[in-house]
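These are the residues of each chain, in order.
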Amino acid sequence: MTARLVAAGGFDAAGAPTPLVDVVVALHDLSRPVARTVRSVFALPGDEVVPDGRLRVTVACHELDASEVAAVLPEDLRGSVRLLEVRDGLGSPSGPYNAGIDAATAPYVTIIGSDDFFEPGALLAWRARAEESGAEMVLARMTMQGGAPINTPRVRPRRTTRLDAVKDRMAYRTAPLGLMRRESLSDLGLRLDEGMKVGGDIAFTVRLWDLAERIDLAWDDPAYVVGVDAQTRVTTTVRPLAVSLAPYTALLARDWFARLPRAYQRAVAIKVLRIHVLDNVGRRDAVDLWADGEADYLRDVVSSLVAVAPRVLRPFSAADRLVLDACLDPASTPQSLVAAAAARTRAGRVARLLPPGVLGALDRESTLRYYVADRFWR
C-alpha cells in the first residue's frame, strides 16, 4: 500500500497547533456525499459550521486523485481537510482507514464512512466525555438517516459507562464508531484487516472490547448517523458466502481468539450465528441463489462456531434452530436450506421467540432477551 499526503491544510504549517480530534473519512467513489460528511464534522447546534482548529479531517482518497476529491469538498472547509491518496489495489476500506489513522497526530481519532455524518456537536461532546472519564473509547450512539435508532450494543438497562464485553453484549457492535484514544490503539497494536472486502473491523473490535480498560457509551450526546441515500453501500451488498463470512472464519483462526475468556468466545459465536449466518441463509430464499459448494462451506463455518464453546445453540429460538440445524445437517443442500428458511419465516410468534428448552429462554443471549433489550434499550 502507498499513502501520500497531497493536501495538508493549515494544520501542518510550521507552528500550527495539534488538533484535538482527527477524523478519518475513507472515500472510494466520487458520487458519495462526502461533502456532507466533512461539513458535519464542524457543524454545531443551531446549524452553525465553524472550522475552529480543534477538529481536522483526513479524507483517505482510495484509488482516487486528490484533485478530484478536492473539487467535491466545501470550499470554505478545505483548509481544515487533509487529502491522503491511498493506493493498494485491494478494494477494501480497511487500508484507507489504517492509512488515515497512521497519519493522525491528535490525542483522539475517529473513523466515518463517506455515506454517513455526525449530528451537530457530536465530536466535541464525545471528546469532553472522554476527557472527563478517561475512557479509551467513547462509543457513539447511532441512528439511521431519518431518525430510527440502531440499538447496539445491547447494554444492560441504564448502563452507559465501563461496559463489559459479555454482560453488555458488545459483540453486536462490530464497527468502532465513536472516539478512540490514538495512543491506546498504538499500545494495543490494533489495526483493521486490510484486504477484507467487508468486515475488516471485526477482529479489531472483538479484541478492543476485550483489551480496553474502559469503554463508555455516549448515550446523551449527538449521534453518528448512518446515511441511506447512497445508491449502494458496501456493507449491504449481497456477496458470496465465502466473502460475507470470511472475517468470521479468519477470526476463529486467530491465536488470540482462542485465548479470550470462554464466555466472550461464546457471545461472539452466538452473535455471528444470529446476525450473519441466519441473515445470509434468509437472503438466499431460492435455490438458484446458492452457488456450488456453498451449502458445504456453510456447514463447515457453522460447525466451527458451534465448537467454540458449550451450549452455543441453547439460546436460539425454535424457529432459528430450524435453520441452524439444517446448516449442520451432513446432508444439507440448497433445497433443504431454502426450505428451512421458509419454515422459519412461517413460524408463529412463540417459535420465533422461545427456544426448545426453558433454560435457553433465561440465557443472557436468548432470542427473547435479545428482542426485549432492543425494545427497552437504555
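Rules and cut-offs
- Residues numbered from 1 in each chain as written.
- Predicted model: local features only at pLDDT ≥ 70, side-chain atom pairs only at ≥ 80, totals over all residues.
- Heavy atoms only, no water.
- Phe/Tyr/Trp six-rings, centres within 6.5 Å; stacked < 30°, edge-to-face > 60°.
- Helix = DSSP H or I, 4+ residues; strand = E, 2+ residues; numbered from the N terminus.
- Buried < 20%, exposed > 50% of the residue type's maximum accessible area, 1.4 Å probe, protein only.
- 1 Å grid on protein atoms, 1.4 Å probe; cavity = no way out; pocket = protein on both sides within 12 Å on 5 of 7 lines; lining within 4 Å.
- Points joined across faces, edges and corners; volume = space filled by probe spheres on them.
- Polar contact = N/O pair within 3.5 Å; in protein donor to acceptor, adjacent residues only side chain to side chain.
- Contact = heavy atoms within 4.5 Å.
- Pairing = 2+ DSSP bridges.
- UniProt positions renumbered as here; feature names shortened; annotations may be inferred.

## Side note on the packing of aromatic side chains
Thinking step 1. Counted by the stated rule, this structure contains 5 aromatic pairs.
Thinking step 2. Arranged with centres 5.2 Å apart and planes meeting at 45°, the rings of Tyr 172 and Tyr 370 form a pair that is tilted. In this pair, Tyr 172 sits in the loop between strand S11 (149-150) and strand S12 (178-181) while Tyr 370 sits in helix H16 (residues 367-375), placing the two residues 198 residues apart along the sequence.
Thinking step 3. By relative accessible area, Tyr 370 is classed as buried at 11%.
Thinking step 4. When the centroid spacing of 6.5 Å and the interplanar angle of 65° are considered together, the rings of Trp 256 and Phe 257 count as edge-to-face.
Thinking step 5. The buried category is assigned to Trp 256, whose relative accessible area is 12%.

## Quick notes on empty space enclosed by the protein
Thinking step 1. Under the counting rule described, the total for this entry stands at 3 cavities of 30 Å³ or more.
Thinking step 2. What the largest cavity holds in volume is close to 60 Å³.
Thinking step 3. What lines the largest cavity is Ala 171, Thr 174, Ile 202, Thr 205, Val 206, Tyr 248, Val 268, Lys 271 and Val 272.
Thinking step 4. Elements with a minimum of two residues in the lining of the largest cavity: helix H6 (202-211) and helix H10 (262-283).

## Describing the side chain of Thr 205
Thinking step 1. Within the secondary structure layout, Thr 205 lies in helix H6.
Thinking step 2. Here Asp 201 takes part through its backbone oxygen, which lies 3.0 Å from a polar atom of the side chain of Thr 205.
Thinking step 3. Apart from residues no more than four positions distant in its own chain, Thr 205 is found in contact with Arg 173, Thr 174, Ala 175, Pro 176 and Tyr 264.

## Some details on the sheet that holds strand S14 (residues 224-226)
Thinking step 1. One open sheet accounts for 4 strands, arranged S8-S14-S10-S11; its pairing is mixed. The open sheet terminates on both sides in strands that have one partner only, identified here as strand S8 (117-118) and S11.
Thinking step 2. Inspection of the sheet shows strand S10 (residues 142-144) paired to S11 by 2 bridges, in the antiparallel sense. The residue bridging Thr 143 from the neighbouring strand is Pro 149, located in S11.

## Considering the UniProt feature "domain: Glycosyltransferase 2-like" (unreviewed entry) in the protein
Thinking step 1. Feature annotation in UniProt assigns "domain: Glycosyltransferase 2-like" (unreviewed entry) to the following positions: residues 93-188.
Thinking step 2. Helix makes up 29% of residues 93-188 and strand 22%. Its end C-alpha atoms lie 21 Å apart.

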